[in-house]
Amino acid sequence: LHLFHKLALLAAPLESPSPEISPKQTSPQQAAVKSPSGQDSTMAELSIDLSAMSVAEMSITSNSVFELPPQETPASKVPFNRSLMLSQSVPSFSKLMTQCNKVESLLKLVEHESSIKKIGEGTFGEVFMGEKVVYKIIPVGGDTIINEVEQTTYENAFQEIVVSRQLSDLASDKVENGKAFCQLIDVVYCRGSYPSSLLKAWDEFSKPENERPDILPEDQQYVVLLSHYSGIQLEEFCSIHHLSPDETHSILRQICCSLAAAEQKYQFEHRDLHWGNVLIMPTNVTTVEFTQAGKSYIFRSHGILATIIDFTFSRIEADGCLNFVDLEQEEWLFQGGAKADRQMQVYRDMRGACRKNWAKFSPRTNVLWIVYLLDKMLIGKRSLKLRKLRSLLSSAKSATDALAIAFRSL
């Protein structure tokens with residue numbers, strides 16, 4: 001199992017222009033949030049103050065920190081603000097800032113790390129691991145094209161954070177338990193040059209496909225999502241370890257359990273669950289337990305824990321609010337050749353399943369990704385039982401159906 005400890009991981013998306021926050025510092029590293037009247041702002045007032053604040057009104061120096069008022073709950077527990085989600089009048093940047101617990105320079109955020117390593121990348125961002133946490137760094141709001149795409153917008157960044165928070169909460173849900181979703185620790189808004197420590201780690205990463213982020217301007221904005229380390233990408237893992245049928249089935253069950261729970265709780269669709277967005281971590285825990293519709297599912301882990309990441313394209317409904325990305329605006333997703341990569345065909349199959357109506361709940365899309373993941377794990381294998389399971393799964397209409405099939409088989 002020592003091979004599991006080889007580092008490598010996810011990547012993620014997001015995009016929009018740039019602010020400048022001039023905090024009146026109360027210490028070298030902290031500043032209180034002030035309302036336009038000069039009074040200290042409460043969290044209740046914060047959304048009002050930020051809604052009137054433009055990007056140009058905020059600035060950060062490399063040595064300053066701008067912190068939002070302390071909260072009594074961790075990052076993943078920020079209340080779901082239904083009125084904010086529905087609001088068309090609140091600027092996207094202001095909505096985004098309500099989801100960020102802290103604001104500081106990118107340099108300040110990582111300068112305490114004695115060692116940092118790049119462990120993954122994606123079209124919209126880079127992933128690094130420090131001593132205790134993983135940093136997913138997403139350029140937002142700028143005009144600079146990077147990795148051949150526009151940067152993530154404030155609105156899309158806001159939506160991804162909201163989805164991440166909701167799914168983090170499923171880990172403790174007693175009725176619909178989805179503990180295989182990535183657990184969010186914190187969300188930070190940053191601005192500034194890419195630190196030399198991160199560029200050095202970027203240079204040491206094996207076979208990068210992204211553009212070196214030093215092409216971004218000195219006043220570039222970022223949203224940084226902090227989470228616990230959850231292992232390496234399934235794609236990487238399969239390249240260094242031959243999955244046994246039991247391990248394959250365990251991974252599949254863990255994914256089905258969490259997707260089914262999210263379907264039932266939030267009418268959730270991941271919509272981008274390729275094998276770079278599933279992480280694998282070794283464990284000494286012999287059994288894992290999930291809950292779906294109040295029913296417990298207990299099964300052997302076979303030494304593996306799976307984690308689902310990256311909710312950039314996801315669809316979710318919570319507290320009467322619908323959150324989704326219109327993928328018809330992402331035409332590049334549907335242009336790749338199916339023979340070159342099966343992943344590109346899944347995007348086209350999703351388009352057919354929802355009939356180009358991305359607002360609609362179409363749980364069949366989750367099944368398309370479950371079957372895709374099983375196909376990837378079956379490469380080079382002749383397991384008749386797993387191939388029979390694959391055939392059964394292909395007719396499922398939702399992850400909830402797939403879960404029932406996964407537990408009836410083998």
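The rules behind each value
Residues numbered from 1 in each chain as written. Predicted model: local features only at pLDDT ≥ 70, side-chain atom pairs only at ≥ 80, totals over all residues. Heavy atoms only, no water. Core = buried A, V, L, I, M, F, W, Y, C linked by side-chain atoms within 4.5 Å. Buried < 20%, exposed > 50% of the residue type's maximum accessible area, 1.4 Å probe, protein only. Contact = heavy atoms within 4.5 Å. Helix = DSSP H or I, 4+ residues; strand = E, 2+ residues; numbered from the N terminus. Polar contact = N/O pair within 3.5 Å; in protein donor to acceptor, adjacent residues only side chain to side chain. Phe/Tyr/Trp six-rings, centres within 6.5 Å; stacked < 30°, edge-to-face > 60°. Lys NZ or Arg CZ within 6 Å of the ring centre and 35° of its normal.

Draft legend 1. Expanded view of the nonpolar core. Formed by 64 residues in total, the largest nonpolar core has its most connected members in Leu167 and Phe268. Once you skip the residues sitting within four places of it in the chain, Leu167 turns out to touch Gly178, Phe181, Gln183, Ala262, Tyr266, Phe268, Phe311 and Ile316. Core analysis: the second largest hydrophobic core is formed by 19 residues, Val133, Ile137, Cys190 and Leu199 among them.

Draft legend 2. The arrangement of the side chain of Ser314 in detail. Looking at the secondary structure, you find Ser314 in the loop between strand 14 (304-308) and strand 15 (316-318). Of the residues examined, Ser314 reaches a relative accessible area of 2% and is grouped as buried. Looking at Ser314, its side chain comes within polar contact range of the main-chain oxygen of His270, at 3.1 Å. Excluding residues within four positions of it along the chain, Ser314 makes contact with Val163, Phe268, Glu269, His270, Asn323, Phe324 and Val325.

Draft legend 3. Broad picture of the environment of His228. Within the element layout of this structure, His228 appears in strand 9 (residues 221-228). Of the residues examined, His228 reaches a relative accessible area of 48% and is grouped as partly exposed. Between the C-alpha atoms of His228 and Lys132, which are 96 residues apart in sequence, the distance is 7.1 Å. Other than its neighbours up to four places away in sequence, His228 contacts Val134, Gln183 and Ile185.

Draft legend 4. Spotlight on the packing of aromatic side chains. Under the definition given, this model contains 13 aromatic pairs. Look at Phe268 and Phe311: their rings are 6.4 Å apart centre to centre, the planes differ by 75°, and that puts the pair in the edge-to-face class. Placement of the pair is Phe268 in the loop between helix 8 (245-266) and strand 11 (278-282) and Phe311 in the loop between strand 14 and strand 15, with a sequence separation of 43 residues. Given the relative accessible area of 3%, Phe311 is considered buried. Here the aromatic rings of Trp369 and Tyr372 are separated by 5.3 Å at their centres, their planes lie at 80°, and the arrangement is edge-to-face. With Trp369 and Tyr372 both in helix 10 (residues 364-377) and three residues apart, this pair spans about one turn of that helix. For the pair Trp369 and Tyr372, one class covers both residues: buried. These aromatic residues form a ring-pair network of at least three members: Phe290, Tyr297, Phe299 and Phe407. Sitting above the plane of the Phe290 ring, Lys179 keeps its charged end 5.9 Å from the centroid. If you follow Arg253 out to its NZ or CZ, it ends over the ring of Phe299, 5.7 Å from the centre.

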